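Each chain, written out:
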Amino acid sequence: MLQALYGPAVPGLREEYGLSPSSAGLGLSLHFTGGVAGVLAFNAIHSRISNKALLGASYALMAAGGTGFAFAPNWPLALGAAFLGGFGFGGIDYGLNQLFAVGFGNRSTAMLNILHAHFGIGAVLGPALIAWTGPDGYAYAFGACAVLAGALILCTGGVGSEAQSPSVEKPAAAGSLLSRVLIGFLVLYILNVAVEAGVGGWEPTHLETVGYSAGVAASATSVYWLMMTVGRFLVVPITLRYSPERILTVCAAGVTACLLLALIPGAAPWAYAGVGLFIAPVFPTGLPWLNRALPQAKRAGAWVIAASMIGGVAAPPLLGLGIETSGIRAVPWLLTVLSGASLVATVWLIRLTRGRAD
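Residues numbered from 1 in each chain as written. Predicted model: local features only at pLDDT ≥ 70, side-chain atom pairs only at ≥ 80, totals over all residues. Heavy atoms only, no water.

- Looking at an unreviewed UniProt entry, one finds the protein chain named MFS transporter, with Streptomyces xiangluensis as its source organism.
- Under the UniProt heading Sequence similarities (unreviewed entry), the note attached to the protein chain is "Belongs to the major facilitator superfamily." (UniProt positions renumbered as here; feature names shortened; annotations may be inferred.)

Listed below in structure tokens is the structure:
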């Protein structure tokens, strides 16, 4: 929910602080910057703190960041709050993915998709809340998110209190972290989150530019996140029949086709919904593939999750610069380039991992 608020809030932020499009995109970028730091920091200390403490601290940071962003008197302080909330978000992203990846064995791909579908429920509620309050009322939405995050600190009683056992990696793992396979996964995840964040951040502005009202644009963005949730539930039985490699190839091709369709104004809301459906399984489905391809690199998952957020850091301001050069109507073209590169990275990874994934 917290991540999904930034895009629909852009018009309100620009009016409140007098920002350019690229400057307004920095809010989401700082959120993802904090996310990278949060993933790496909590991964580093996870062996010394309990799972319950990790999740509780992460929710507390999200609550503090959401509150700060809602009440910040100026843009620099708002960006600092976005970083703080993102730091907590990174802890949750790392912590829950790690717990689900190690807790369900052969069902991990299916369970990770179910987990990410529930991430999507919050992502649907975020834009819907902005649509209800209006962009000028974004502070109420961030404040509500902060209250919910704070309440979740009291709801971690069912989480095991044991600290994670320190992992012992073989010396070869250090070399594998620099291997072409890991680099391929890093590129794939960076591009995937760049497209995901780019659509979530700029879909409302693009739709308004091609003739839709602010309310319709925000609602369409909510539908985009909704389709991401639906897609993750729908793919669960598919993961039990088909390999992650095949699923990710179809997804990358589908995202690219839908982004090209978004160039047609009348079809754009539907096309963005299609992007959400196809991009939904990529993040959770790729993690088990990574674990099979690099079983000796126990920290590879944390590095990939952290690196994926680089796409979220870079995409909003870079797309903002591209928009300032080419215009808002170029958003689908810019995102298509990223999605096409993601398809190439997927095919390349299939070639690299063929014969070593089993």
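From this point, the discussion proceeds with the structure in view.
### A look at the pattern of salt bridges
- For the coordinates displayed, the defined rule picks out 1 salt bridge.
- Arginine 292 serves as the salt-bridge partner of glutamate 245, at 3.2 Å between the closest nitrogen and oxygen. A residue pair is termed long-range when its members are at least 10 positions apart, and glutamate 245 in helix H12 (residues 244–261) and arginine 292 in helix H14 (residues 282–293) qualify at 47 residues. (Salt bridge = Lys/Arg side-chain N within 4 Å of Asp/Glu carboxyl O. Helix = DSSP H or I, 4+ residues; strand = E, 2+ residues; numbered from the N terminus.)

### Some remarks on the environment of leucine 154
- Looking at where leucine 154 falls in the secondary structure, it is placed in the loop between helix H8 (138–152) and helix H9 (171–176).
- The exposed category is assigned to leucine 154, whose relative accessible area is 75%.
- The sequence separation of leucine 154 and leucine 112 amounts to 42 residues, and the corresponding C-alpha distance is 24 Å. (Buried < 20%, exposed > 50% of the residue type's maximum accessible area, 1.4 Å probe, protein only.)

### As for the layout of surface pockets
- Of the volumes computed, that of the largest pocket is approximately 850 Å³.
- The wall of the largest pocket is formed by 34 residues, among which Met1, Phe89, His118, Phe119 and Gly120 lie closest to the centre.
- Looking at side-chain class alone, the lining of the largest pocket contains 25 nonpolar, 6 polar and 3 charged residues. (1 Å grid on protein atoms, 1.4 Å probe; cavity = no way out; pocket = protein on both sides within 12 Å on 5 of 7 lines; lining within 4 Å. Points joined across faces, edges and corners; volume = space filled by probe spheres on them. Nonpolar A, V, L, I, M, F, W, Y, C, P; charged D, E, K, R; others polar.)

### Some remarks on the packing of aromatic side chains
- One pass over the full model with this rule turns up 12 aromatic pairs.
- Centroid distance tyrosine 6 to phenylalanine 142: 5.1 Å. Interplanar angle 70°. Geometry classified as edge-to-face. In this pair, tyrosine 6 sits in the loop between helix H1 (2–5) and helix H2 (10–17) while phenylalanine 142 sits in helix H8, placing the two residues 136 residues apart along the sequence. Like tyrosine 6, the residue phenylalanine 142 is buried in the burial classification.
- Centroid distance phenylalanine 69 to tryptophan 75: 6.3 Å. Interplanar angle 70°. Geometry classified as edge-to-face.
- Taken together, the ring pairs connect Tyr6, Tyr17, Phe69, Trp75, Tyr138 and Phe142 into an aromatic cluster. (Phe/Tyr/Trp six-rings, centres within 6.5 Å; stacked < 30°, edge-to-face > 60°.)

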